[in-house]
Amino acid sequence: MKTISIIIPVHNEEDNVPLIYRALHDTWQDISNYKYEFIFVDDGSTDSSTKVMEALSKKDSQVKCIEFSRNFGKEMATTAGIDAAKGDAVIMIDADLQHPPHHIPQFIKAWESGAEVVVGVRTGNNGEGTVKKWGSVLFYRIMGAISETGFEKGETDFRLIDRCVVDAYKSFPEHERMTRSLINWLGFRRAKIFFEAPARVNGTASYSTIKLVHLAVTSFLSHSLAPLRFTGYLGVGITGFAGILGVVVIIEKYILHDPFSWAVSASAQLAILIVFLVGIMLASIGIVGLYVGSIHTEVIKRPLYVVRRKSKASL
């Protein structure tokens, strides 16, 4: 029998851990043709989450626990779970039950049909605050516009990845990461499962607005050079505008002797010169930024290509 690994990052979820375990266990009653392993990763919890996880592992030998020495963040917890997973497919799911476990059979069915990445796409989020809601909309629009791999509105970390995707993902060396973006970058055959996220059952989300902003900025910088190019283009635009305006002023004032009575003062001419120099500076920074971007691309050492599968003869 094949095995499905379920990764559950945990941070101060002592009340939710038993609930997500029970929900996953109940769901597995309808997936009798696969074995499972539940991998709980404690991301430096300060409550009793670790004790609850350990109690579950003693009761169920298929439950595994990974405990961090401190809080490293959800992305690192997810990565640790992927590194430890032994299954033929890996499913990532949140501990707060906002990723409904009863959709897992749909993920597996899509995987059986040939999809190597099955993405959970959220169509709604009950209990979501206004700031987070509109921030999410803005994030998806920006990522969709600048990302080289594309980004669909509502994509979540609730997803299934095949073993070949797991092996490829483990080759990423970067520390600043967003799991869903890296999986998108890998490519592979994809399928989508749409769901509506229920309200959080217990506790409050540990991912603060500041952490979400940091994650968004990290995604922008690691998956697109558009911000660097924008700086250069802006500088070129300002330089061109100021240069043309300066030439027009010189011709009108000193060659044609002010036929339009513009009466451009010396301070106005100085302002045009300053704007011109600022444009030169921005354009120069943009050029330097492109070189920095090239260095960044080389330093993170992503794989040059990704192999979906090898035949036994080539192993």
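The structure displayed is predicted, hence computed values, not measured ones.

**Student:** Quick one: what's the story with the pattern of salt bridges, residue by residue and with numbers?
**Tutor:** Using the criterion set out here, one finds eight salt bridges in the structure. Across the salt bridge formed by K74 and D157, the nearest N and O atoms sit 3.3 Å from each other. Note that K74 is positioned in helix 3 (residues 74-84) and D157 in strand 6 (residues 155-162), a separation of 83 residues in sequence. Across the pair E155 and R190 runs a salt bridge whose closest N-O atoms are separated by 3.2 Å. Taken together, the residues span a long stretch of sequence, with E155 in strand 6 and R190 in strand 7 (residues 190-197) at a distance of 35 residues. Take E155: its relative accessible area is 3%, and that puts it in the buried class. R190 gets classed as partly exposed once you look at its relative accessible area, which sits at 36%. What you see here is one network of salt bridges that share partners, running through K74, D94, D157 and R180.

**Student:** Give me the pairing of strand 2 (residues 35-42): which residues, what numbers.
**Tutor:** Among the eight residues in strand 2, seven count as buried, and that is most of the element. Pairing analysis gives eight bridges linking strand 1 (residues 3-10) to strand 2, with the strands arranged parallel. Following the sheet pairing, S5 is matched in strand 2 by E37. Between the parallel pair strand 1 and strand 2, the chain is carried across by helix 1 (residues 17-27), and the sense of this crossover is right-handed. One ladder, built from five bridges, connects strand 2 with strand 3 (residues 63-67); its direction is parallel.

**Student:** Residue-level account of the nonpolar core, with values.
**Tutor:** Across soluble globular proteins, nonpolar side chains have a tendency to be buried as a group. In this structure, I6, W28, F38, F40, I104 and I108 are the most contacted members of the largest nonpolar core, which totals 35 residues. Among the secondary structure elements, those contributing two or more residues to this core are strand 1, helix 1, strand 2, helix 2 (49-59), strand 4 (89-92), helix 4 (104-112), strand 6 and strand 7. Looking at this core, the element that brings in the most residues is helix 4, giving five residues. Filtering out sequence-adjacent residues up to four positions away, F38 remains in contact with I6, I8, Y21, L24, H25, W28, Q62, V63 and K64. Grouped together as the second largest cluster of nonpolar side chains are 24 residues, A80, C164, V166 and I183 included.

**Student:** Describe unusual backbone geometry, and please don't skip the residues or the numbers.
**Tutor:** Glycine aside, a negative phi is what most residues show, and trans is what most peptide bonds show. One non-glycine residue, N12, lies in the positive phi region at around 55°. Within the secondary structure, N12 is located in the loop between strand 1 and helix 1. Although it is not a glycine, F188 adopts a positive phi angle of roughly 70°. Along the chain, F188 falls in the loop between helix 7 (179-186) and strand 7.

**Student:** If you had to explain the packing of aromatic side chains to someone new, which residues and values would you point to?
**Tutor:** Inspection of the entire model under this criterion finds 10 aromatic pairs. Their ring planes at 45° and their centres at 5.8 Å tell us that Y34 and W111 sit as a pair that is tilted. Of this pair, Y34 sits in the loop between helix 1 and strand 2 while W111 sits in helix 4, placing them 77 residues apart in sequence. Across this residue pair, the class does not change: Y34 and W111 are buried. With a centroid separation of 5.5 Å and an interplanar angle of 80°, the aromatic rings of F158 and F195 are classed as edge-to-face. Taken as a pair, F158 in strand 6 and F195 in strand 7 lie far apart in primary sequence, 37 residues in all. F195 shares its class with F158; the two are buried. Of the aromatic side chains, those joined through ring pairs into one cluster are Y21, W28, Y36 and F38. Directly above the aromatic system of F72 lies the positively charged group of R70, at a separation of 3.8 Å from the ring centroid.

**Student:** Outline a nonpolar patch on the surface, listing residues and values.
**Tutor:** Taken together, the side chains of L270, L273, I274, F276, L277, V278 and I280 define a hydrophobic patch exposed on the protein surface, amounting to about 570 Å² of accessible area. With respect to the secondary-structure elements, F276 resides in helix 10 (residues 266-299). Taking relative accessible area as the criterion, F276 reaches 30% and is therefore assigned partly exposed.

**Student:** I'd like a description of the confidence of the model for the chain, backed by residues and values.
**Tutor:** Predicted confidence across the chain gives a mean pLDDT of 79, with 76% of residues reaching 70 or more. When pLDDT is averaged over each helix and strand of the chain, the minimum, 65, is found for helix 8 (residues 209-223) and the maximum, 94, for strand 4. Scored below 50 in pLDDT, residues 311-315 shows one contact in the model against residues more than four places distant or in partner chains.

**Student:** Help me get a handle on helix 3, residues and values and all.
**Tutor:** In terms of burial, helix 3 is largely enclosed, as eight of its 11 residues are buried. By the burial criterion, the buried members of helix 3 are K74, E75, A77, T78, T79, A80, G81 and I82.

Rules used throughout
- Residues numbered from 1 in each chain as written.
- Predicted model: local features only at pLDDT ≥ 70, side-chain atom pairs only at ≥ 80, totals over all residues.
- Heavy atoms only, no water.
- Salt bridge = Lys/Arg side-chain N within 4 Å of Asp/Glu carboxyl O.
- Helix = DSSP H or I, 4+ residues; strand = E, 2+ residues; numbered from the N terminus.
- Buried < 20%, exposed > 50% of the residue type's maximum accessible area, 1.4 Å probe, protein only.
- Pairing = 2+ DSSP bridges.
- Right-handed = clockwise from strand over helix to strand, strands pointing away.
- Core = buried A, V, L, I, M, F, W, Y, C linked by side-chain atoms within 4.5 Å.
- Contact = heavy atoms within 4.5 Å.
- Phe/Tyr/Trp six-rings, centres within 6.5 Å; stacked < 30°, edge-to-face > 60°.
- Lys NZ or Arg CZ within 6 Å of the ring centre and 35° of its normal.
- Patch = residues over 30% accessible without salt bridge, like charges linked within 9 Å, V, L, I, M, F, W, Y side chains within 5 Å.
- Areas by Shrake-Rupley, 256 points an atom, 1.4 Å probe, with all protein chains shown as cover.
- pLDDT = per-residue confidence, 0-100.

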